[in-house]
Amino acid sequence: MLKNNNVAVIYFDDMQIVGRIATVSCGKAVTPLVTVRKDYSGIMDDVFTDREEFKNTFSAVLTEMVAEINRVPAVLYIGVPNQFCHVETQSSEIEFDRMTKINKHHIQTLWDDAQFNTEHREVIAKKALYYKLEEYEDVLLDAVGVATIGLSMVASVITVSNELRPLINSTAVTRLGFADFDFVCLADAELFMIPEKDRDAGCSLIRSDFFSTSVANIIGDGVTQLSHFNIGMGHLVSEIVDNFGLDYESARQLLLRATPTYEMLLEETYTANGDTIPAGIFNEFIAKRINEFGNRLSNFDTARVVYLSGGNYDQIYGISSVLGNICERRFYPCRDVLNGATNYPENTLNALIRFITTK
């Protein structure tokens, strides 16, 4: 737990960089002190469109954040998009000659025996997902103090490419008063928006960014698998522009007004920025593209229960039921743990802050 309840986080996605400094109460309530949000040229196909612009925008967000704060937190936590993270899971086991009570040294032995491939990658998180006793099939989240003749552990590490750290202007970070910075995988933080009962049973978290989608499988408090593909709502907006002759902003607004699960009357229309299109034709177009997106998702190994985050595809009306029918899964939106809201990027910021206060 952090000694100082002021927390500084910043994260970036395909289109924007968002930073916040906030205070956290013991009841997990987050009180923002300052929030800064800036667009930048973004990420396409896992590549920064303009690396220098990213660095400059990142520094500009930080500068505005600290300008309104008297005391800067010691550490800046940086939320890393899931497509830049890699999850590896390994198992290890230990056997005893007689019934033995497990202690921290036994757990460390299990970690020492777990062989992870982290060459050319920086470890940003490591976690024991669960333990199994030799005598039982049931899994345990903590084994210290339990007596057994044998124990196995399934653990995971999250890494990022060594190329990511040079993208962060460390000089700017320290100049602004931070002693250091740490990386946090967004999936590792956002999973805490999911109810504990679903996490313990095993579930999946799909994050829809503007030009990419990530799929994380989760057990308990950890990510067991992380995949992604480069399809997002931005591609659908571009198709709307091309097929309906709209400008980009009108296409975005109309997409979020669409109700693709409803049949519309012939005379009904949607309007944005003075542009009007037939609602029925537009809904049919959107429904077809959502089906294509769902079919792509169905190729991934996901749990029976799936949660959506990211503020893009998950904001389209009826998306949970459509994807649920295609993938034969139950889809739910991620919600704030206190107020049940589905606001983005508010939920991601709060999830990052709450996750950090438990580290």
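Residues numbered from 1 in each chain as written. Predicted model: local features only at pLDDT ≥ 70, side-chain atom pairs only at ≥ 80, totals over all residues. Heavy atoms only, no water.

1. A closer look at the pairing of strand β15 (residues 269–272)
- Side-chain alternation along β15 places Tyr270 and Ala272 on a buried face and Thr269 and Thr271 on a face that remains uncovered.
- Bridge count for β15 against strand β16 (residues 275–278) is four bridges, and the pairing is antiparallel. What sits directly across from alanine 272, in β16, is aspartate 275.
- Here β15 folds back onto β16 in antiparallel fashion, the turn holding two residues, of which asparagine 273 has a positive phi close to 50°. (Buried < 20%, exposed > 50% of the residue type's maximum accessible area, 1.4 Å probe, protein only. Helix = DSSP H or I, 4+ residues; strand = E, 2+ residues; numbered from the N terminus. Pairing = 2+ DSSP bridges.)

2. Topic: the packing of helix α6 (residues 233–244) against helix α8 (residues 279–297)
- Contact geometry for α6 and α8: axes closest at 11 Å, N-to-C directions at 140°. Comparing their axes, α8 and α6 come out oblique. For the pair α6 and α8, the sense of crossing is right-handed. Contacts between α6 and α8 involve Leu236, Glu239, Ile240, Asn243 and Phe244 on the former and, on the latter, Ile281, Phe282, Phe285, Ile286 and Arg289.
- Partitioned by chemical class, the residues of the contact of α6 with α8 number seven nonpolar, one polar and two charged. (Axes fitted to C-alpha atoms, helices over the stretch in contact; angles between N-to-C directions. Parallel < 35°, antiparallel > 145°, perpendicular 65-115°, else oblique. Left-handed = near helix turned anticlockwise from the far one by under 90°. Contact = heavy atoms within 4.5 Å. Nonpolar A, V, L, I, M, F, W, Y, C, P; charged D, E, K, R; others polar.)

3. Here's the deal with the packing of α8 against helix α9 (residues 319–327)
- Where α8 meets α9, the axes come as close as 9 Å, and the angle between the chain directions of the two elements is 50°. The pairing of α8 with α9 is recorded here as oblique in orientation. Classified by chirality, the crossing of α9 by α8 is right-handed. Taking contact as the criterion, the partners of Ile290, Asn291, Phe293, Gly294, Asn295 and Leu297 in α8 are, on α9, Ile319, Val322, Leu323, Ile326 and Cys327.
- A class-by-class count of the residues in the contact of α8 with α9 yields eight nonpolar, three polar and no charged.

4. With respect to the pairing of strand β8 (residues 121–133)
- For β8 and strand β10 (residues 147–161), the ladder comprises eleven bridges, and the chain directions are antiparallel. Looking across to β10, one finds that alanine 128 is bridged to alanine 155.
- The sheet contact formed by β8 and strand β9 (residues 139–140) spans two bridges and is antiparallel. Counted as the bridge partner of lysine 132 is valine 139 from β9.

5. Here we look at the environment of valine 9
- If you trace the backbone, valine 9 turns up in strand β1 (residues 6–12).
- Not counting chain neighbours up to four residues away, the residues in contact with valine 9 comprise Val18, Gly19, Arg20, Met65, Leu76, Tyr77, Leu349, Leu352, Ile353 and Ile356.

6. Focus: the side chain of threonine 302
- Topologically, threonine 302 is positioned in the loop between α8 and β17 (305–309).
- Apart from residues no more than four positions distant in its own chain, threonine 302 is found in contact with Ser204, Val215, Asn217 and Arg329.

7. What about the pattern of salt bridges?
- Summed over all chains, the structure comprises twelve salt bridges.
- Measuring nitrogen to oxygen at the nearest pair gives 2.7 Å for the salt bridge that ties lysine 38 to glutamate 64. Here the residue lysine 38 occupies a position in strand β3 (residues 30–39), and glutamate 64 occupies one in helix α1 (residues 51–67), the gap between them amounting to 26 residues.
- Notably, a salt bridge pairs lysine 132 with glutamate 137, separated by 3.8 Å at the nearest N-O pair.
- Looking at glutamate 137, the relative accessible area reads 64%, which means it is exposed.
- Salt bridges linked by common partners bring Glu190, Arg207 and Asp209 together as one network. (Salt bridge = Lys/Arg side-chain N within 4 Å of Asp/Glu carboxyl O.)

8. Looking at the packing of aromatic side chains
- All chains considered together, the criterion is met by 18 aromatic pairs.
- Ring geometry for phenylalanine 48 versus phenylalanine 54: centroids 4.7 Å apart, planes at 50°, classification tilted.
- Residue phenylalanine 48 is classed as buried on the basis of its relative accessible area, which comes to 8%.
- The exposure class assigned to phenylalanine 54 is buried, which follows from its relative accessible area of 0%.
- Connected via pairs of aromatic rings, a cluster forms that spans Phe12, Tyr40, Phe48, Phe54, Phe58 and Phe84.
- For the cation-ring pair, lysine 126 lies above tryptophan 111, with the distance from its terminal atom to the ring centre recorded as 4.6 Å. (Phe/Tyr/Trp six-rings, centres within 6.5 Å; stacked < 30°, edge-to-face > 60°. Lys NZ or Arg CZ within 6 Å of the ring centre and 35° of its normal.)

9. Points about the sheet that holds strand β18 (residues 330–333)
- In space, the five strands of this open sheet follow the order β14-β13-β12-β17-β18, with mixed pairing throughout. The open sheet has two edge strands with one neighbour each: β14 (222–229) and β18. Along the sheet, successive strands turn relative to each other by an average axial angle of 25°, direction set aside.
- Sheet analysis places strand β13 (residues 213–219) next to β14, joined by seven bridges and oriented antiparallel. Paired with threonine 213 across the strands is phenylalanine 229, a residue of β14.

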